[in-house]
Amino acid sequence: MGLFVHKYGGSSVADAGKIVSVARRIAGVHDAGHQVVTVVSAMGDTTDELIDLARTVTPEPDPRELDLLLSTGELVSITLLSMALRSLGYDAISLSGPQAGIRTDNAYGRARISEVDPARLQHELAKGRLVIVAGFQGLTPDEDITTLGRGGSDTTAVALAAALEADRCDIYTDVEGIYTADPRVVSKAAKLSEVAYDEMLELAAAGAKMHPRSIELGAVYKVPIYVASSFTDAPGTMIQQPSDEALMEDRIKVTGIAYQTNVAKVTVCGVEDKPGVAAALFEPLAASGISVDTIVQNTSADRTTTDISFTVTTDDLPQTLRRLSSMAPALSAAQVISDSSLASVSVVGSGMQNTPGYASRMFRILADGGINIDMITTSEIRISCIIGREQAHEAVRLLHRGFELDEG
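Thresholds, definitions, all that
- Residues numbered from 1 in each chain as written.
- Predicted model: local features only at pLDDT ≥ 70, side-chain atom pairs only at ≥ 80, totals over all residues.
- Heavy atoms only, no water.
- Helix = DSSP H or I, 4+ residues; strand = E, 2+ residues; numbered from the N terminus.
- Rg over C-alpha atoms; globule rule 2.2 N^0.38 Å.
- Buried < 20%, exposed > 50% of the residue type's maximum accessible area, 1.4 Å probe, protein only.
- Contact = heavy atoms within 4.5 Å.
- Areas by Shrake-Rupley, 256 points an atom, 1.4 Å probe, with all protein chains shown as cover.
- Lys, Arg positive; Asp, Glu negative; His and termini not counted.
- Charge placed at Lys NZ, Arg CZ, Asp CG, Glu CD.
- Salt bridge = Lys/Arg side-chain N within 4 Å of Asp/Glu carboxyl O.
- Polar contact = N/O pair within 3.5 Å; in protein donor to acceptor, adjacent residues only side chain to side chain.
- Axes fitted to C-alpha atoms, helices over the stretch in contact; angles between N-to-C directions.
- Parallel < 35°, antiparallel > 145°, perpendicular 65-115°, else oblique.
- Left-handed = near helix turned anticlockwise from the far one by under 90°.
- Nonpolar A, V, L, I, M, F, W, Y, C, P; charged D, E, K, R; others polar.

(A) A look at the overall build of the protein chain. Counting secondary structure elements, the protein chain contains 11 helices and 18 strands. The C-alpha radius of gyration computed for the protein chain amounts to 23 Å, which stays within 12% of the reference 22 Å derived for 408 residues, consistent with globular compactness. The dimensions of the protein chain, computed from C-alpha atoms along their principal axes, are 75 × 50 × 35 Å. For the protein chain, buried positions account for 50% of its 408 residues. Counting contacts in the protein chain only where the partners sit at least 6 residues apart, residues at least 24 apart contribute 75% of the total. For the protein chain, the computed accessible surface area is about 18,600 Å², with 50% contributed by carbon and sulfur atoms. With 34 positive and 53 negative side-chain charges, the protein chain shows a spacing of 2 Å between the two charge centroids.

Here's what the structure looks like:
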């Protein structure tokens, strides 16, 4: 008998019929002799609808109250799924994030899980119950409800799998696995049967289906993660540490192309070129919960001033600009300019780590396609270019073909 953690996203539980289908899938795993803990997101677009509702009351909802409001979406899903299982004759119980032992820090809207106490889950499993847990939420040390941000239910599921030492964490969604590119953009995108944690982390950070924090947890606690469709029985993608046999042939090429279209660039112009300026700029942004990605600094010819450019998500841009407006005088900045019409496109693959030529090849492919590069950032196994948003899909198609991923 195994122990599995399942996670179902909002599209998988968007209506009553889909909730019943999910209940039958869970019941089938239980009937095969396994224990199952299921993490569920809010139904369909419920979270977005609750955010819109809050903003009809006030344009800037209080973060604590907003988190409490948003947490209700998952409570609806878990109770309905538990009811569906009970109607099928199974003993099921729904638990909120706090009831399931999920503890977080105090960062409303983007909290991080500090610990998971699995005692209640283990107690319910020992009774033979199917346990349904609300994703996306937890409890602070002050006993306030927090939410984990976009993709938080993935993180919840992997964290529970780690705490319970589950055999596997299954992420069920509206696609059949992880592809070499977004199949909605590239018709010849191929489904990957297996991908390593490090590659998946880079793909996720660059815009692929999974949330990066969930992959980080999986890698640290060695939780195998299986991504598949909740609507079909097609085989999905296994995310895990590759076997030694797979290291040579399967990991010497590009694994996939990822992209994001919610990229904004901010440039702080004319700040003094002296030690501590970058820290004075980025520490307050970090304290405000703003995540900064690509950073480029250009020093003037006389080395007295510098321009610092960086990217944030378009969602974070308004808060970033507000924060910078209060900081600009202290930084002696000449001006702050922004561009919210950008995207990033990334090439990912472990084979890039010790093989030269991938960057130049990427740049040539984009150049031949008439796509201008605004900024560049790299890691050991990823190269990302910031480009115009209107060219993002074409860039993905060109790179997918240029790195011979169309050939499968």
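Now that the structure has been shown, we can carry on.
(B) Unusual backbone geometry, seen in detail. Its identity as a non-glycine residue notwithstanding, glutamate 143 has a phi of 65°, on the positive side. Note on glutamate 143: relative accessible area 62%, which makes it exposed. You will see that serine 332, though not glycine, has its phi angle at about 60°, which is positive.

(C) Layout of the pattern of salt bridges. Scanning the entire structure with this criterion turns up 20 salt bridges. Taken together, the salt bridges that share partners define one network made up of Arg86, Asp91, Arg120, Glu124 and Arg129.

(D) Here's a closer look at the side chain of serine 12. Within the secondary structure layout, serine 12 lies in the loop between β1 (3-8) and α1 (16-31). Engagement of the side chain of serine 12 in a polar contact is seen with the side chain of serine 230, the distance being 2.7 Å. Dropping the residues within four chain positions of it, serine 12 is found in contact with Lys18, Ile19, Val22, Tyr172, Thr173, Ser230 and Phe231.

(E) Structural view of the packing of helix α5 (residues 152-164) against helix α7 (residues 212-221). Interhelical geometry of α5 versus α7 gives an angle of 15° and a closest axis separation of 8 Å. Relative to α7, the element α5 is oriented roughly parallel. α7 is crossed by α5, and the crossing has left-handed handedness. Between α5 and α7, the residues in contact are Asp154, Thr155, Val158, Ala159 and Ala162 and Arg213, Ser214, Leu217, Gly218 and Tyr221, respectively. Among the residues making up the contact of α5 with α7, the classes are represented as five nonpolar, three polar and two charged.

Purely spatial values, then, with no claim about function.
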